[in-house]
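# Overview (structure and organization)
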Amino acid sequence: MKVKRGNPDRSNNLNRLIHQTSTGEKVWRYSKSIVIQLPDKRNVLTASWINGGYREDIQSLFNHQLNQEEIDYLEEGSVPGFMQNLAENLGLDPERTSGFLTVADMDNVAIVTERFREIEVTSIVTAGIEVNGGRAGDDASYYELNGNYEFRVGTINTILLINSHLSQSTLLRAVMTAVEAKTVALQELMAPSQYSDGVATGSGTDNIAVVSNLSSENLLTTAGKHSKLGELIGKVIIRSTKRALSQQSNLNPDSQCDMLVRLERFKVQANDYWEHVKRVYQKDNKAQFMPQLYEFSKNPLVVSLVASLLHTVDEINWGLINENQGKKTAHHLMKTLPSLLNIGKQPDYSALLKEDDSIIQNWIKVSSWCIISLNEG
């Protein structure tokens, strides 16, 4: 695929203004792109493939949704070259434009603004981590040699607009605070890593750009968590990241109120329950059992209990809790499930709970017993 040069791509013609800051930054919606036009005298710190790093001459930023043809091209082609051509097709100066790529739909962009006295901070976020969400320290998915590696899609792209004047070092501090805030959003959603059983801290291809106003008389020298600027950055990033993930990936408190969803990061699936029930309870009607499982899985009481158990598993994995002591506590919690669900009998825990089995294996056994008991009443 060759991206056309010259006149702007008519499929990407300027559509409408969707946001404008108090200092004149304009956010435009194209068919497959978000374009931010910057006034003069802006400094930018960006992780982009084109015109990345610290710059004081950037006129515009874009966030572009890739289609499958473009993804196929990028598997073999030059990412910077593609992005420079894309800037031209968007009618932008490729030498004074920076930007990001994503598979997220631009309909799902989240724009959030926070203000305090003279300070205004706006975040513009698209997010999708169901493909390559990961946790810092997970096993790598590729090895780069001399700039060659496999192109990955699925990312959280963040553009942060600050109306005050920030130095280079303060811009970098703003990036640090923003990245921490993104991680807070993912932790509060219990977003799963796709490469381990941990909670994701981002995707493998996240990008960020921070823009400040060199013409502002309000010179801010820190953007850390103790500063008001840092507080505002944290709040807009958390809110916009959560909103974008909800809109793009249906990752939100409602979707996470599900036992099976919580167990996914430990590679437990609904069929694991069926195989256990079929083997232990001699059941043969899967079509009858599965709706019972799904109903049970969405019970908030069940989700609350499994969340406590999985956090115990996490703390054992982190070395904060002794495994034997953690298992003992987990077994005690599991034994409360029948009474929590108003089941008038108790199973034979001596036969059901095995010390050599993992907490999750024992949970499957206890919760399966409860599903059967509830439906045989």
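To keep things clear, this report deals only with the structure shown in the data block. Keep in mind that this is a model prediction, so the values were computed, not measured.

Quick notes on the rules
Residues numbered from 1 in each chain as written. Predicted model: local features only at pLDDT ≥ 70, side-chain atom pairs only at ≥ 80, totals over all residues. Heavy atoms only, no water. Helix = DSSP H or I, 4+ residues; strand = E, 2+ residues; numbered from the N terminus. Buried < 20%, exposed > 50% of the residue type's maximum accessible area, 1.4 Å probe, protein only. 1 Å grid on protein atoms, 1.4 Å probe; cavity = no way out; pocket = protein on both sides within 12 Å on 5 of 7 lines; lining within 4 Å. Points joined across faces, edges and corners; volume = space filled by probe spheres on them. Nonpolar A, V, L, I, M, F, W, Y, C, P; charged D, E, K, R; others polar. Pairing = 2+ DSSP bridges. Axes fitted to C-alpha atoms, helices over the stretch in contact; angles between N-to-C directions. Contact = heavy atoms within 4.5 Å. Expected span 1.5 Å × (residues − 1).

This part is about unusual backbone geometry. Glycine aside, negative phi is the norm for most residues, and most peptide bonds take the trans geometry. For Asn250, which is not a glycine, the phi torsion comes out positive at approximately 55 degrees. Here Asn250 lies in the loop between α4 (228–249) and α5 (253–256). The partly exposed category is assigned to Asn250, whose relative accessible area is 49%. Even without a glycine there, the phi angle at Asn342 is positive, about 60 degrees. If you trace the backbone, Asn342 turns up in the loop between α11 (337–340) and α12 (349–352). Accessibility expressed as a relative area gives 72% for Asn342, which makes it exposed.

One simple way to see leftover space: roll a probe sized like a water molecule over the atoms. Summed over all chains, the structure comprises 1 cavity of 30 Å³ or more. Thr21, Thr23, Glu25, Glu120, Val121, Thr122, Leu161, Ile162 and Asn163 are the residues that line the largest cavity. Of all the secondary-structure elements, those providing two or more residues to the lining of the largest cavity are β9 (119–127) and β11 (156–162). The element that contributes the greatest number of residues to the lining of the largest cavity is β9, accounting for 3 residues. Looking at side-chain class alone, the lining of the largest cavity contains 3 nonpolar, 4 polar and 2 charged residues.

Bringing the sheet that holds strand β14 (residues 207–213) into the picture now. The 6 strands lie next to each other as β5-β4-β14-β11-β9-β8, forming an open sheet whose pairing is mixed. Each of the sheet's edge strands pairs with one partner strand only, and the pair in question is β5 (53–55) and β8 (110–116). Averaged over all pairs of adjacent strands, the angle between strand axes in this sheet comes to 15 degrees, irrespective of strand direction. Sheet strands touched by helix α3 (residues 168–188): β4 (42–46), β5, β11 and β14. Its angle to β14, the strand with the most contacts, is close to 135 degrees.

Sheet topology note: the β8/β9 ladder contains 7 bridges and is antiparallel. Considered in β9, the bridge of Arg115 is made with Glu120. The loop that links β8 with its antiparallel partner β9 comprises 2 residues; one of these, Arg117, has a positive phi angle of about 50 degrees.

Taking 1.5 Å of rise per residue, 18 residues should cover 26 Å, and helix α13 (residues 359–376) covers 26 Å from first to last C-alpha, within 8% of that figure. Taken across its 18 residues, α13 has 14 buried, putting it largely inside the fold.

Turning to the sheet that holds strand β3 (residues 33–37), a few remarks are in order. Taken in spatial order, the 5 strands make up an open sheet running β1-β2-β3-β6-β7, and their pairing is mixed. Only two strands of the sheet have a single neighbouring strand rather than two, namely β1 (16–20) and β7 (97–102). For this sheet, the mean angle separating the axes of adjacent strands, direction not counted, is 20 degrees. Pairing between β1 and strand β2 (residues 26–29): 4 bridges, direction antiparallel. Bridging from a neighbouring strand, His19 pairs with Val27 of β2. In the packing of helix α2 (residues 79–89) onto the sheet, the strands contacted are β6 (60–65) and β7, and the crossing angle to β7 comes to about 115 degrees.

Shape is all these values report; function is a separate question.
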